[in-house]
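Secondary and tertiary structure notes
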Amino acid sequence: MKIQLIQGGVCAPKGFKANGVHCGIRKNKTKKDFALIVAEKECATACVYTTNLVKGAPILVTKKNVANGYAQAIIVNSGNANTCNANGIEIAEGMCKLVEDALGVKAENVVVASTGVIGQPLSLEPMQEGISSLVAGLGDTPKHNLSAAEAIMTTDLVAKEIAYEFELDGKKCRIGAICKGVGMLCPNMATMLMFVTTDVNITPAMLQKSLSTDVKDSLNMVSVDRDTSTNDTLCLMASGLAGNALIDAQNSDYKKFAKALHEVTKEMCRKIASDGEGATKLIECKVTGAKSKKTARTVAKSVVCSNLLKSAIFGADANWGRVLCAIGYSGADVDVEKIDVAFLSTAGRLEVCKNGMGVPFSEDFAKKVLSEKEIGILIELNDGNYSSVGWGCDLTYEYVRINGDYRT
């Protein structure tokens, strides 16, 4: 199956338009804070959400609205999470009603999401004033996609977008996404909003199955700081306009679609981790030779979550003992006397551990390897045929500064 990278993000698939504007939720007028994605027809829709018991009001409203497996629009604000507010449900439902009044899309067909500070009052007024310009600026170009991607950012330094083209049933199909998330990022899932669109013809049941399966090896394998947010939402909408035969079972076309979806989520995971709050380096931990998929995932996740290891990567210190330590307390069923560990970057590969024991290496070469922007941690468990990948970032002084005054 050939998957080609293209431009356009959520606007790349047939039937979708997007836009983002500054409406006044954020004090900084140079930052957009209000986004909209609209489909020309009702779409099969699937979502996954945070596992935090404290959930933002938009999640509760969205769950109700997509219970039938369909939606037609996504409305999002940044700068305020609309979480732990007495009138949160009212505000979230009011945002959906704004879409209905402006576009005629039924309020119950709208996905709503918010991101930002928790526990701060949120007013509909700036969104009421901004909805007309938001709707007037809707379009299906890469520029419109970027505007929406920028409008959902909080402490993100860069907008995150991606799109791919592939074939199903002889028809050209597309899938694209935008997302935000750089802090409170230890899923399941993260301070993460991700919106994915596709023109593939697929049933809501198969769409939900593909999404729920995929996050186990994508978004649930990302960590920036071990905190789980209250507003995490991943929404996937399928317009069906590509014209392929309906995917209503786990057939070969379903598997191809699942592969394309994973390419999107995997690359977004890398973008999220590399833009972690204060991050200077992306960490990618690859675990092989595990006796089960669960073991591989547990090991990879424990390593990318280790604050001691993340600090060592920041300092370009090949302190591989912290890798073994993280594996040891992970709860994974491993034989520590079989574990091999290496660090990898564009500067080369550094073997540091064989059969659970250290091996001699050059500290100067280690410094070079760990001074690059992307660091691979390769863990061979030598105990089976399963593998997994986890993504994280280094832990820096800047992370503390950002989160020390985030609210004020």
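Data block above holds the structure.
Reference entry: report on the structure contained in this document.

Conventions we followed
Positions within a chain are numbered from 1, following the residues in the order the chain's sequence is written. Under the rules for a predicted model, residues below a pLDDT of 70 receive no local features and side-chain atom pairs below 80 are neither given nor counted, while totals for whole chains, interfaces and linings still include all residues. Calculation of side-chain values draws on the structure's entire complement of heavy atoms; hydrogens and water are dropped beforehand. Here a helix means four or more residues in a row that DSSP labels H or I, a strand means two or more in a row labelled E, and each is numbered from the N terminus. Based on C-alpha atoms, the radius of gyration is set beside the globule rule, defined as 2.2 Å times the residue count to the power 0.38. Only protein chains enter the calculation, and the probe is 1.4 Å; a residue is then buried if its accessible area is under 20% of its type maximum, exposed if over 50%, and partly exposed in between. By the convention used here, residues are in contact when the closest approach between their heavy atoms is within 4.5 Å. Under the convention used here, a 1.4 Å probe and the Shrake-Rupley method define accessible areas, while residue burial counts only the protein chains that appear. Residues belong to a common nonpolar core when they are buried Ala, Val, Leu, Ile, Met, Phe, Trp, Tyr or Cys residues joined through side-chain atoms within 4.5 Å. Lines are fitted to the C-alpha atoms to define the axes, a helix being fitted only along its stretch in contact, and any angle between axes, read from their N-to-C directions, falls within 0 to 180 degrees. Under this scheme an angle from 65 to 115 degrees is roughly perpendicular, one under 35 degrees roughly parallel, and one over 145 degrees roughly antiparallel; angles in between are oblique. Each crossing is labelled by how the near helix is turned from the far one, with a counterclockwise turn of less than a right angle marking it left-handed and a clockwise turn marking it right-handed. Under this grouping Gly is polar, as are all residues other than the nonpolar Ala, Val, Leu, Ile, Met, Phe, Trp, Tyr, Cys and Pro and the charged Asp, Glu, Lys and Arg. When two rings of Phe, Tyr or Trp (its six-membered ring) have centres within 6.5 Å they constitute a pair, described as stacked for plane angles under 30 degrees, edge-to-face for angles over 60, and tilted for the intermediate range. Here, expected helix span is obtained from the residue count minus one, scaled by 1.5 Å. If DSSP finds at least two bridges between two strands, the strands pair. Any carboxyl oxygen of Asp or Glu within 4 Å of a side-chain nitrogen of Lys or Arg constitutes a salt bridge here.

Take the overall build of the protein next. Looking only at helices and strands, the protein features eleven helices and 15 strands. Since a compact globule built from 408 residues should have a radius of gyration of about 22 Å, the 22 Å found for the protein is in line with a globular shape. With respect to the principal axes defined by its C-alpha atoms, the protein has extents near 70 × 55 × 35 Å. The burial tally for the protein puts 57% of its 408 residues in the buried class. The contacts of the protein with a sequence gap of at least 6 include a subset with a gap of at least 24, amounting to 79%. Approximately 16,400 Å² of the protein is accessible, and the part contributed by carbon and sulfur atoms is 50%.

The next subject is the nonpolar core. Counting 71 residues, the largest nonpolar core has F257, F343 and I379 as the members making the most contacts within it. Here this core takes nine residues from helix α6 (residues 252–274), the largest share from any one element.

Our focus in this paragraph is unusual backbone geometry. Look at C84: it is not a glycine, yet its phi comes out positive at around 65°. In this structure C84 comes out as exposed when scored by relative accessible area, which is 59%.

Close contact between helix α1 (residues 57–65) and helix α2 (residues 88–103) brings their axes to 8 Å; oriented N to C, the two are set at 55°. For the element pair α1 / α2, the angle class is oblique. The interaxial crossing formed by α1 with α2 has right-handed handedness. Residues A57, P58, L60, V61, K64 and N65 of α1 form the contact with α2, whose own contacting residues are G88, I89, A92, E93 and C96. Taken together, the residues of the contact of α1 with α2 sort by class into seven nonpolar, two polar and two charged.

Where two aromatic rings form a pair, the distance of their centres and the angle of their planes describe that pair. Under the definition given, this model contains one aromatic pair. Here the aromatic rings of F314 and Y397 are separated by 5.3 Å at their centres, their planes lie at 90°, and the arrangement is edge-to-face. Of this pair, F314 sits in helix α8 (residues 307–314) while Y397 sits in helix α11 (residues 397–404), and the two are 83 residues apart along the sequence. Since its relative accessible area comes to 28%, F314 is described here as partly exposed.

Turning our eyes to something else, we now look at helix α7 (residues 293–305). Helix length check: α7, at 13 residues, gives a terminal C-alpha distance of 18 Å against a target of 18 Å (1.5 Å per residue), a fit within 8%. Of the positions making up α7, those classed as buried are T295, A296, V299, A300, K301, S302, V303, V304 and C305. Buried positions along α7 lie against β10 (282–290), α8, α9 (321–328), β14 (374–380) and β15 (386–393).

It is worth spelling out the pairing of β10 at this point. Most of β10 is tucked away: seven of the nine residues are buried. Of the strand pairs in this sheet, β10 and β14 are connected by seven bridges, and their pairing is parallel. Pairing of L282 across the sheet is with E374, part of β14.

Scanning the model with the defined rule gives 17 salt bridges in all. The salt bridge involving E100 is made with K97; its shortest N-O contact spans 3.8 Å. Of the two residues, E100 and K97 both sit in helix α2, three residues apart, roughly one turn of that helix. Note that K338 is salt-bridged to D383, the shortest N-O span being 3.2 Å. Here K338, found in the loop between α9 and β11 (340–345), pairs with D383, found in the loop between β14 and β15; they are 45 residues apart in sequence, far enough to count as distant. By relative accessible area, which is 23% here, D383 ends up partly exposed. Each member of the salt-bridge network shares a partner with another, and the members are R270, E284, K286 and E374.

Looking at where A163 falls in the secondary structure, it is placed in strand β6 (residues 160–168). By relative accessible area, A163 is classed as buried at 0%. Measuring from C-alpha to C-alpha, the distance between A163 and I178 comes to 9.0 Å, with 15 residues separating the pair along the chain. The contacts of A163, once residues within four sequence positions are left out, are Q4, L5, I6, Q7, G9, A12, I175 and G176.

For the pair α2 and helix α3 (residues 125–136), the least separation of the axes is 10 Å and the interaxial angle reads 45°. Comparing the axis directions of α2 and α3 gives the class oblique. Where α2 crosses over α3, the handedness of that crossing is right-handed. Across the interface between the two elements, M95, L98, A102 and L103 of α2 pack against M127, Q128, I131 and V135 of α3.

This next bit is on α2. The end-to-end C-alpha distance of α2 is 23 Å, a good match for the 22 Å that 16 residues give at a rise of 1.5 Å each. Within α2, burial applies to G88, I91, A92, G94, M95, C96, L98 and V99. Contact partners of the buried residues in α2: β3 (34–49), α1, β4 (70–80), β5 (110–117) and α3. Directly after α2, the chain includes G104, whose backbone phi takes a positive value near 85°.

The values are spatial; any link to function lies outside them.
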